[in-house]
Amino acid sequence: KIIKDNKIEISTLPPGHGNHKEDSPFLSTSDSASKRSDYYDKNLALFEEELDIRPKVSSLLSRLVSYTNVTQGAKEHEEAESADASRRQVPKVTKCYFHYNQDICNNVVLKDFSLFYFTMLTAISMSAIATNGVVPAGGAYFMISRSLGPEFGGAVGLCFYLGTTFAAAMYILGAIEIFLKYLIPQAAIFHPADIHAGSGAMLNNMRVYGTICLSLMAVVVFVGVKYVNKLASLFLACVIISIVSIYAGAVKSIFHPPEFPICMLGNRTLSRDLFDVCGKTVVVGNDTVPSQLWKNFCSSENSSSAHCDEYFLHNNVTEIQGIPGLASGIIKENLWGDYMEKGQILEKASLPSVDVHGSMETFGFYVSADIATSFTLLVGIFFPSATGIMAGSNRSGDLRDAQKSIPIGTILAITTTSLVYFSSVVLFGACIEGVVLRDKFGDAVNKNLVVGTLSWPSPWVIVIGSFFSTVGAGLQSLTGAPRLLQAIAKDNIIPFLRVFGHGKANGEPTWALLLTGLIAELGILIASLDMVAPILSMFFLMCYLFVNLACAVQTLLRTPNWRPRFRYYHWALSFLGMSMCLALMFISSWYYAIVAMGIAGMIYKYIEYQGAEKEWGDGIRGLSLSAARYSLLRLEAGPPHTKNWRPQLLVLLKLDEDLHVKYPRMLTFASQLKAGKGLTIVGSVIQGNFLECYGETQASEQAIKNMMEIERVKGFCQVVVASKVREGIAHLIQSCGLGGMKHNTVVMGWPYGWRQSEDPRAWKTFINTVRCTTAAHLALMVPKNVSFYPSNHERFSDGYIDVWWIVHDGGMLMLLPFLLKQHKVWRKCKMRIFTVAQMDDNSIQMKKDLATFLYQLRLEAEVEVVEMHDSDISAYTYERTLMMEQRSQMLKQMRLSIAERDREAQLVKDRHSLIRMGSLYSDEEEETIEVLPEKNQMTWTSEKMEAERRNRNNAPENFRELISIKPDQSNVRRMHTAVKLNEVIVNRSHDARLVLLNMPGPPRNQEGDENYMEFLEVLTEGLERVLLVRGGGREVITIYS
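Since we're looking at a predicted model, the values are computed, not measured.

### As for the UniProt feature "transmembrane region" (unreviewed entry) in the protein
Working step 1: As annotated in UniProt, the feature "transmembrane region" (unreviewed entry) corresponds to residues 115-135, 155-180, 208-225, 231-250, 363-386, 406-432, 535-556 and 568-585 in the numbering used here.
Working step 2: As annotated, residues 406-432 comprises 96% helix and 0% strand, and the C-alpha atoms at either end are separated by 37 Å.
Working step 3: Secondary structure content for residues 568-585 is 83% helix and 0% strand, and the end C-alpha separation is 26 Å.

Laid out in structure tokens, this is it:
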């Protein structure tokens, strides 16, 4: 009878008791009247207060049949589509082609000018960085690392070190080539077996003598840098004398060109070391006999019966001057490019020739190109002549005033050498035949040095000057490279190089010199200059690129510390220099450029992986701040589109008395949900005064950061101090984040033990937080039994993630399992979606509509519709409600008693004196409790004795009220909903790995807050892992692409 009465009372509730007019974006107003009965549905009474903004799933699915008003992005999607159709136009694309004269671009003068241009730009950038503070040892590495950070500095510094080391090998090979070809050819150890094996024997000789020369240079450098400096003066004098002799010889060639004949067959150049007389016949006495040249091309010495090469027979042999002189006008022929393929014979186009195909047997008698030449190849070979601009900066530690010496010395050196290069190229083109200029090994001139023949007074001036010049350059490289490596090792950014930071007592880098010598030996064993040059060119160009980048970044960021004394710089010049370096890398050799970048990238990632904890105030950090500021300002334009929405978490953590994280699995769950994407803020609250708790705040932040690192949570930490925990949580919810990078989802723990505690603060703080998130339009996730959640090391090989979709609040319930399944822990779990059908719902149609909806959302899940029939309220539900209300009433009476208030005040005072750090949910001071400053001795008066007697007399009456209490009917209906839903959920999802469930909102009347906690407990009883979810009031998932 009681149950029947309750049923009658439930169906005749007065107006205003939860009957709210339905105003939902998902339901039309025409459906309102017919659907009002849903608000009185006993099976959903727990959600009835929010059905106007969170409709039933059955109501939603009935509106989704056409799939036109599903998501937030749909309307603007359709509007934009129709608007675009009216004004859609196909833009005209104008293709501009810049034609240029390839021959002009390919001439040597342009190479020299372009190299001068970009080396000068690099020198300007380097001068600006070098004058922005003290530059100790390390030179270019120091400047790049302090401007762009240890990762870039270490990567580029090591590549520059390798480039400098290979440059030493190249200079030594050049010196040995001069030594064997022009100084003492008799010193060759290996000799060619035939005319076709000459290059192999030459390379072997260079390997042997190069190793000996490298050893001697290493000994000089090991003895001390002062001896290198003394030798440098001698080498410089030799170079200056050689340059002056070239100019003198060019001037002399105007009036008296040197005798330097070359032999031509038709227009082809002949190798002069294979014959003696440039002619087909020679006169011996009174007889004309075939010459040595004839014997080379013909099978018999008898001119009448000999079988000769066709080309030899049809063309004449002529002798022309290899150095016609400055007044000859030969520059007109040499002005244009003439690149050759490998094996192509050197020809002079102005000479007459009968084009007859000759025999391949006579190919070795001509001068031919040993490699294919092109603009890119020649730039790569010519570029090492411009790599000396870092020589001064490499030895910055040995300079008295590096800030003054580096800019002046570098710019003057580049200007001087560029003028020498430019004028020398013009003079060579104006004085020397083109076939001689293209004769790499001097075969046409009997191995004579062409520049030496041009010079005055003697060719030996050039030979000796060139030899000492290359030896001096090699010494400079062997001096600078170990110091560069030592600077990198001393910074300790690459652990395994630490040993190379040690040296002799005076600081000389002994171990670094040893490694440098070994690497240079590898370059010498390669032996071919054309193989070594592209390798070192890439490393030098990469260094120059990052010097320009460092200057540009510092200039654009306008950091307060950027105050260089050198004023003649601009960020546009630096960017131009950087672009030219990058272009030249790929022009010279694109595959070497990719290899060099790959090596630098691997070094960068290695340094980053090792964690180079160096704070040098580098520009990359400033650039990151500027980029972050720009991005944040862009995000301020508006909220993210539904397609871009993802949970940006604010995780509220609880700390224990030792300032340790009480539930680390909260962070584990956050890391599994985020997988390193989006924003994660971990917050906690310390109860107290900020002036007194600053140290505890710092310790708490460090403890949380350590735990975040252990759980692999990438995010930020924020700890606030507040007089009350609930106020601190409200501050976190309001103020965390910056600009558009703010959280949209709050993750908080469940207040375990709230039933056993007589202190109401735990669950009041919890409910207050739920209300705060709702007011702020934030989503909320409450992982219950979080200690049972899997760690990052566990793997679920099977199982289900069950979603109980009872009311629609934006699609959070469907998005969260998808995000969890991206993590390796949940990847193999399957997804099931359950929804509830009432008596008047078509469950078959609901299942079809839900399956179609999931198909449109591109989500794979099993769909089940659970029918919940109307049933009478059971006696268990009634008793459960009665016990809940009796407990609540009893605790209220206990809190109102005077003795309890005094005891509670003393308890709060004691706990405040022992533990100043308040927990997140249970250590907050209740507003109704007044903490006494101290406990006074009680003095009994007649009034107090009378009040105590009245309280004792009222105790039986209070007990009788508890016995006769009658449960509120709205609470009975809500308990009925919780019990029925829990039965269904436990029956279907008892073996699920995780259960996601709509979290009902707290009651609008705050007097029922304690009952709300009981409803949640009943709703989730018997489930191992539960995630209660509340949407933030917006759609978070869409069917549109």
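### Structural notes on helix α35 (residues 1009-1019)
Working step 1: Counting buried residues in α35 gives 11 out of 11 residues, a clear majority hidden from the surface.
Working step 2: Of all the residues in α35, the buried ones are Asp1009, Glu1010, Asn1011, Tyr1012, Met1013, Glu1014, Phe1015, Leu1016, Glu1017, Val1018 and Leu1019.

### Things to note about the sheet that holds strand β2 (residues 268-269)
Working step 1: Taken in spatial order, the three strands line up as β2-β1-β5 in an open sheet, and their pairing is antiparallel. In this open sheet, the two edge strands, each paired with only one partner strand, are β2 and β5 (317-321).
Working step 2: Here strand β1 (residues 261-265) pairs with β5 via five bridges, running antiparallel. Within the sheet, the bridge partner assigned to Pro261 lies in β5 and is Gln321.

### Details of the packing of helix α22 (residues 571-588) against helix α23 (residues 590-610)
Working step 1: Where α22 contacts α23, the two axes come as close as 5 Å, and the packing angle between them is 120°. As far as their axial angle goes, α23 and α22 are oblique. Residues Leu582, Met585, Phe586 and Ser588 of α22 touch α23, and the partners they reach there are Trp590, Ala593, Ile594 and Met597.
Working step 2: Grouping the constituent residues of the contact of α22 with α23 by class yields seven nonpolar, one polar and no charged.

### Quick look at the pattern of salt bridges
Working step 1: The full count for this structure, using the stated rule, is 11 salt bridges.
Working step 2: Arg146 is the salt-bridge partner of Asp491, the closest N and O atoms lying 2.9 Å from each other. Of this pair, Asp491 sits in the loop between α19 (459-490) and α20 (510-526) while Arg146 sits in helix α7 (residues 140-148), and the two are 345 residues apart along the sequence.
Working step 3: Assessed through its relative accessible area of 14%, Asp491 is described here as buried.
Working step 4: For Arg832, the salt bridge identified is with Asp802, shortest N-O distance 2.8 Å. Highlighted residues: Arg832 in strand β12 (residues 830-837) and Asp802 in strand β11 (residues 800-805), separated in sequence by 30 residues. Like Arg832, the residue Asp802 is buried in the burial classification.
Working step 5: Each of Glu333, Lys348 and Glu433 takes part in a single network of salt bridges with overlapping partners.

### What about the state of the cysteines?
Working step 1: Overall, the coordinates contain two disulfides when judged by the stated rule.
Working step 2: Two residues share a disulfide in this structure: Cys263 and Cys278, whose sulfurs sit 2.0 Å from each other. Judged by the sign of its S-S torsion, about 85°, the cystine formed by Cys263 and Cys278 is right-handed. Linking Cys263 in strand β1 with Cys278 in the loop between β2 and β3 (281-284), this pair joins segments that are 15 residues apart in sequence.
Working step 3: Each disulfide pairs two cysteine sulfurs, and for Cys298 the partner residue is Cys308, the sulfurs being separated by 1.8 Å. Residues Cys298 and Cys308 are joined by a disulfide whose S-S torsion is about 115°; by sign, that bridge is right-handed. Taken together, the residues Cys298 in the loop between α11 (292-297) and α12 (310-314) and Cys308 in the loop between α11 and α12 connect sequence positions 10 residues apart.

About the cut-offs
- Residues numbered from 1 in each chain as written.
- Predicted model: local features only at pLDDT ≥ 70, side-chain atom pairs only at ≥ 80, totals over all residues.
- Heavy atoms only, no water.
- UniProt positions renumbered as here; feature names shortened; annotations may be inferred.
- Helix = DSSP H or I, 4+ residues; strand = E, 2+ residues; numbered from the N terminus.
- Buried < 20%, exposed > 50% of the residue type's maximum accessible area, 1.4 Å probe, protein only.
- Pairing = 2+ DSSP bridges.
- Axes fitted to C-alpha atoms, helices over the stretch in contact; angles between N-to-C directions.
- Parallel < 35°, antiparallel > 145°, perpendicular 65-115°, else oblique.
- Contact = heavy atoms within 4.5 Å.
- Nonpolar A, V, L, I, M, F, W, Y, C, P; charged D, E, K, R; others polar.
- Salt bridge = Lys/Arg side-chain N within 4 Å of Asp/Glu carboxyl O.
- Disulfide = S-S within 2.5 Å.

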